[in-house]
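Observations on chain architecture
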Amino acid sequence: MDKIVYLDNAATTRISKRAIDAMMPFLTEDYGNPSSLYSLGQKSKVALENARKTVAEVLGSRPDEVYFTGSGTESINWAIKSAIKLKQDKGKHIISSNIEHPAVKNTLKYLGDNGYDITYLESDKHGQISLDALRSSLRSDTVLISVMTANNEIGTILPIAEIGKLAREREVLFHTDAVQAVGHIPTDVNELNVDLLSFSGHKLGGIKGVGALYVKKGLLLQPLIHGGGQERGKRSGTENIPGIVSLAAALEDAVGHMPLREVTRLRDKLISGVLKIPRTHLTGDPINRLPGIASFVFECIEGESLLLLLNQHGICASSGSACSSDSLDPSHVLLALGLSHETAHGSLRLSLSVDNTDEDIDFTLEKLPGIVEKLRMMSPLWNG
Amino acid sequence: MYSEKVMEHFTNPRNVGNMPDADAVGEVGNAKCGDIMKIFLKVDNDVITDVRFQTFGCGAAVATSSIATEMVKGKTISDALSITNKAVADALDGLPSAKMHCSVLAEQAIKAAITDYYEKQGIDPTSHVGCDMQCEGCGGSH
Ligand SMILES: Cc1ncc(COP(=O)(O)O)c(C=O)c1O
Ligand code: FES
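Now for a quick tour of the structure. All figures in this text were calculated on a predicted structure; none of them were measured in a lab. (Residues numbered from 1 in each chain as written. Chains lettered and ligands numbered in written order. Predicted model: local features only at pLDDT ≥ 70, side-chain atom pairs only at ≥ 80, totals over all residues.)

**Observations regarding the sheet that holds strand β2 (residues 66-69) of chain A**
All names here are of chain A.
- In spatial order, the strands read β2-β8-β7-β6-β5-β3-β4; together these 7 strands make up an open sheet with mixed pairing. At either margin of the open sheet sits one strand with a lone partner, and together these are β2 and β4 (117-121). If you compare each strand with its neighbour and ignore which way they point, the axes differ by 20° on average.
- In this sheet, strand β6 (residues 173-177) lies alongside strand β5 (residues 142-146) in parallel orientation, the contact comprising 3 bridges. Residue Leu 144 lies in a different strand from β6, and its bridge partner there is Leu 173. (Pairing = 2+ DSSP bridges. Helix = DSSP H or I, 4+ residues; strand = E, 2+ residues; numbered from the N terminus. Axes fitted to C-alpha atoms, helices over the stretch in contact; angles between N-to-C directions.)

Below, the structure written as structure tokens:
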């Protein structure tokens, strides 16, 4: 296998050149602890605060509303677990959707097992949730709404600004998991009307193991992680300076590429090419979708087999099939769309970045039909 | 995560396809992940002379079906019945533990086909097959 065609950018991205260049000094010469007084330490401190300013500019927030964390997952855990504590006198009801990433889903499950009452709004066949359903789910004891900005498996972009408006009217805190959105689509916190927004470095060209949380000024969120008092007492642990610097540099780079017209064009070319394969369906919202995500189900075949055959041609992709998950359950997101277990089994997600080319798409469109055909010829469900 | 042998069988599966004139057919479904395996047999004088399979499932499911068809071909019915899922997995140089249930599917598919063979001969299969075809491996789908 010579060339790799990387179409799994929703899983993680290549680290952007700018991120590597920006981070390198902090992996080599500039290793000081930002809490130290001497110049070497202060160099790290300056880099940290500059990174915070960069992130704030992109989010349209103030720098002191941005906190760095160890991952998107940590940001989400912190946001949800601490937001509900702020409102514990008001009640124990949380509203979310049934297509959230496990980072949100399992945090809510944990809270549900510990006395909280969770309403999961049902998505429609495109992965959209209804504002009316949200409105009628709101109760006097509702303390938090958490709905993702965009879905990682099917690329659907949700109506965050409208949800936020409703949350404001009803004085309910609103968190959004924007891990797939930041650096891909506009995510100005004022336009989105959010109180809390989580994202992650490695989905936008930064390194793995660094995330950030936007916390609206005035929300006195308690820390999730206690210790030496870094991040203004809110998130302890010596700051991951190389990671934070990479996140900020990658974000600046990513935002510079927006709107991702070229990525969108390649995505649409991929979608129309793949849909030429018989009994193949697009999953997610055909219109309101992330520029980089093309997702499908192929009837009568199974996703892990598909991934293995794609891999033999150097094509990297992912699937929500049961066999490719550790739990052996098909993805809850695909089931939430109303797909049968059997159909959800044949799912494929191809996710693009600015690094992808027409050549990548042509190559994929050349290989994929034969692979699907091969698997269908083996399938007891396929009868021509 | 898969051995070379698994990948080899997955990439070039043996005996794949339909067999319209089969003497016996066994189809089982995997309760764990929802996959389906179908095995077709041609039997002559208690000897399995030809075999085909169709599988809707993961790489391990395809590879176990493929090697299982090789293992039963030319065997007598009773020898074929003694093939265990462990023997199937071993023949593939092992499977990841999360994928052992796929080899169970292969064992059950063979047994289901042989059950069908006995039934078509008017013989009660239970005492021969020694499986009520209601276990987890076949999910009671027989
Ligand atoms: C929508 C969404 N939320 C949360 C996460 C978790 O982010 P991280 O890997 O930084 O913990 C991911 C990535 O896997 C994601 O796609
Ligand atoms: S058949 Fe589904 S995991 Fe192997």
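**What about the interface of chain B and chain A?**
- Each side of the interface is counted separately: chain B has 19 residues, and chain A has 18 residues.
- Elements with a contribution of two residues or more to the side of chain B that touches chain A: α1 (4-11), β2 (36-44), β3 (47-56) and α2 (59-72) of chain B.
- Among the elements that make up the side of chain B that touches chain A, the one with the highest residue count is β3 of chain B (3 residues).
- A per-class count over the side of chain B that touches chain A returns 9 nonpolar, 6 polar and 4 charged. (Contact = placed C-beta atoms within 7 Å. Nonpolar A, V, L, I, M, F, W, Y, C, P; charged D, E, K, R; others polar.)

**A word on the site of ligand 1**
- By nearness alone, every residue bordering ligand 1 is listed as Ser 71, Gly 72, Thr 73, His 101, Ala 103, Met 148, Asn 152, Asp 177, Val 179, Gln 180, Ser 200 and Gly 211 of chain A.
- When the residues that make up the shell around ligand 1 are grouped by side-chain class, the tally is 3 nonpolar, 8 polar and 1 charged. (Near = placed C-beta within 6 Å.)

**Considering the pairing of strand β8 (residues 211-215) of chain A**
Residue and element names in this part refer to chain A.
- The buried count for β8 comes to 5 of 5 residues, which makes it a mostly enclosed element.
- A two-sided burial pattern is seen for β8, the buried positions comprising Gly 211, Leu 213 and Val 215 on one face and Ala 212 and Tyr 214 on the other.
- When β2 meets β8, the two strands line up antiparallel, connected through 4 bridges. By the bridge assignment for β8, Phe 68 is matched with Ala 212.
- For strand β7 (residues 196-200) and β8, the ladder comprises 5 bridges, and the chain directions are antiparallel. Each bridged residue has a counterpart across the sheet, and for Ser 198 the counterpart in β8 is Leu 213. (Buried ≥ 20, exposed ≤ 12 C-beta atoms within 10 Å, placed from the backbone.)

Read these as spatial facts, not as claims about activity.
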